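Residue-level structural notes
Listed below, chain by chain, are the residues.
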Amino acid sequence: MKDLFDNESLRRTDEAIMLRVQAGRKKWLNPVMIAVTYLGGGVIWWAWYVFIYLKNENLSPLLYFAASFFSAWLLSSQILKRVFGRPRAYDAMAEVVPLIRRPKDLAFPSAHAACAFSAAAAILLTRPPFEGAAALVLASLVGFSRIYVGVHYLTDVLGGAVTGVLCAAGAYILFF
């Protein structure tokens, strides 16, 4: 599986997107994207879950959200990163300057994106449509922030998004 990213066309596309995003950074937007990337990995979602629990006083959705989120984190950060072994964008491209401290783990899939999309999909599956749509927009922003701050390629984020949605769907089948 480690040679999946040896595809020249895929690598060139990922690198071109990364360089375009890096070149388009705006000084005023940098702190916003840094905040989104840090908070979007867990804090925002757990606050949302607790709010839902306090509003409904029903433990079932909270347990579902926890199972979805934890499984996305476990699968993406502890299993798939080791299977794929993809280096971070800043390790592969000298031009990439991260805006945050360099994570020490591997890149594919993005665990931040996996967790954000598992949370968003869980909200989409269990809450009113408007709330689900807002969650998907926020998860997309978290995913983009990972590229913007220079720690993931687009395919890392897309892999994380797919992982997160699949974990939310799997947990949904188990809980409902």
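Residues numbered from 1 in each chain as written. Predicted model: local features only at pLDDT ≥ 70, side-chain atom pairs only at ≥ 80, totals over all residues. Heavy atoms only, no water.

A few points about the overall build of the protein
From N to C terminus, the protein includes eight helices and zero strands. Starting at the N terminus, the α and β elements of the protein follow one another as α-α-α-α-α-α-α-α. Here the C-alpha atoms of the protein give a radius of gyration of 16 Å, agreeing with the 16 Å that 2.2 N^0.38 yields for 176 residues. Each principal axis of the C-alpha atoms in the protein carries an extent, and together these give about 50 × 40 × 25 Å. (Helix = DSSP H or I, 4+ residues; strand = E, 2+ residues; numbered from the N terminus. Rg over C-alpha atoms; globule rule 2.2 N^0.38 Å.)

Some remarks on the pattern of salt bridges
This model, assessed by the stated rule, comprises seven salt bridges. Here R12 and E8 are joined by a salt bridge, their closest N and O atoms 3.6 Å apart. With R12 and E8 both in helix α1 (residues 8-23) and four residues apart, this pair spans about one turn of that helix. Between R86 and D14 there is a salt bridge whose closest N-O contact spans 2.7 Å. Here R86 is found in the loop between α4 (59-84) and α5 (89-92), whereas its partner D14 is found in helix α1, with 72 residues between them in sequence. Assigned by exposure class, R86 and D14 land together as buried. (Salt bridge = Lys/Arg side-chain N within 4 Å of Asp/Glu carboxyl O. Buried < 20%, exposed > 50% of the residue type's maximum accessible area, 1.4 Å probe, protein only.)

Describing helix α3 (residues 43-56)
If you check α3, its first and last C-alpha atoms are 20 Å apart, about what 14 residues at 1.5 Å a residue would give, namely 20 Å. Within α3 the residues assigned to the buried category are W45, W48, Y49 and I52. End-on, the buried residues of α3 take up no more than an arc of 100 degrees, which puts them together on one face. Set apart from the buried face of α3 by more than 90 degrees, the exposed residues are V43, F51 and L54. (Expected span 1.5 Å × (residues − 1). Arc of directions from axis to C-beta.)

Quick notes on the side chain of R25
Within the element layout of this structure, R25 appears in the loop between α1 and α2 (30-39). In this structure R25 is buried but unpaired, with E95 as the nearest side chain of opposite charge at 12 Å. In terms of polar contacts, R25 uses its side chain to reach the backbone carbonyl oxygen of Y148, at 2.9 Å. Within the local environment of R25, its side chain forms a polar contact with the backbone oxygen of V149, the two atoms lying 3.4 Å apart. Look past the residues within four positions of R25 in its chain and what remains in contact with it is N30, V97, P98, L99, Y148, V149 and G150. (Lys, Arg positive; Asp, Glu negative; His and termini not counted. Polar contact = N/O pair within 3.5 Å; in protein donor to acceptor, adjacent residues only side chain to side chain. Contact = heavy atoms within 4.5 Å.)

So, α1
Along its 16 residues, α1 runs 22 Å from first to last C-alpha, staying within 8% of the 22 Å computed at 1.5 Å per residue. In this structure, the buried side of α1 is in contact with α5, α7 (129-148) and α8 (154-175).

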